[in-house]
Amino acid sequence: MKELANFITGLIEAVKSRANARLIFYLLVTIAVILAFFALPGEGVDFVYKNF
């Protein structure tokens with residue numbers, strides 16, 4: 001787990017130094033979060049919208 005955290009930290013530090021890479025990185029992260037939200041089953045989406 002520590003190796004994964006080090007890899008992610010190193011990736012973020014490399015991306016911070018380049019503006020174009022930073023833009024692409026954050027766009028990819030945003031798309032991944034949106035796709036993960038749509039991948040939820042219907043009950044999970046209902047929970048977010050109705051019962052929260």
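Since this is a predicted model, take the numbers as computed values, not measurements. (Residues numbered from 1 in each chain as written. Predicted model: local features only at pLDDT ≥ 70, side-chain atom pairs only at ≥ 80, totals over all residues. Heavy atoms only, no water.)

Visitor: Please give an account of the overall build of the protein chain that cites residues and values.
Guide: Assigned secondary structure in the protein chain consists of three helices and zero strands. Sequence-ordered secondary structure for the protein chain, helices as α and strands as β, is α-α-α. For the protein chain, buried positions account for 2% of its 52 residues. Surface summary for the protein chain: the accessible area is close to 4700 Å², and the carbon and sulfur share equals 71%. (Helix = DSSP H or I, 4+ residues; strand = E, 2+ residues; numbered from the N terminus. Buried < 20%, exposed > 50% of the residue type's maximum accessible area, 1.4 Å probe, protein only. Areas by Shrake-Rupley, 256 points an atom, 1.4 Å probe, with all protein chains shown as cover.)

Visitor: Now, about the packing of helix H1 (residues 2-16) against helix H2 (residues 19-38): what can you tell me, with residues and values included?
Guide: Relative orientation of the contacting elements H1 and H2 amounts to 130°, with a least axis distance of 7 Å. The angle between H1 and H2 places the two elements in the oblique class. From H1, Leu-11, Ile-12, Val-15 and Lys-16 reach across to H2, where they touch Ala-21, Arg-22 and Phe-25. Classifying every residue of the contact of H1 with H2 by side-chain character gives five nonpolar, no polar and two charged. (Axes fitted to C-alpha atoms, helices over the stretch in contact; angles between N-to-C directions. Parallel < 35°, antiparallel > 145°, perpendicular 65-115°, else oblique. Contact = heavy atoms within 4.5 Å. Nonpolar A, V, L, I, M, F, W, Y, C, P; charged D, E, K, R; others polar.)

Visitor: Explain the packing of aromatic side chains to me, using residue names and the numbers behind them.
Guide: Summed over the entire model, instances satisfying the criterion amount to two aromatic pairs. Plain terms: the ring middles of Phe-25 and Tyr-26 are 5.4 Å apart, the flat faces sit at 65° to each other, and that makes the pair edge-to-face. A centroid spacing of 5.8 Å and a plane angle of 65° characterise the contact between Phe-37 and Phe-38, whose relative ring orientation is edge-to-face. Since its relative accessible area comes to 26%, Phe-37 is described here as partly exposed. Classification of Phe-38 by relative accessible area gives exposed; the value is 64%. (Phe/Tyr/Trp six-rings, centres within 6.5 Å; stacked < 30°, edge-to-face > 60°.)

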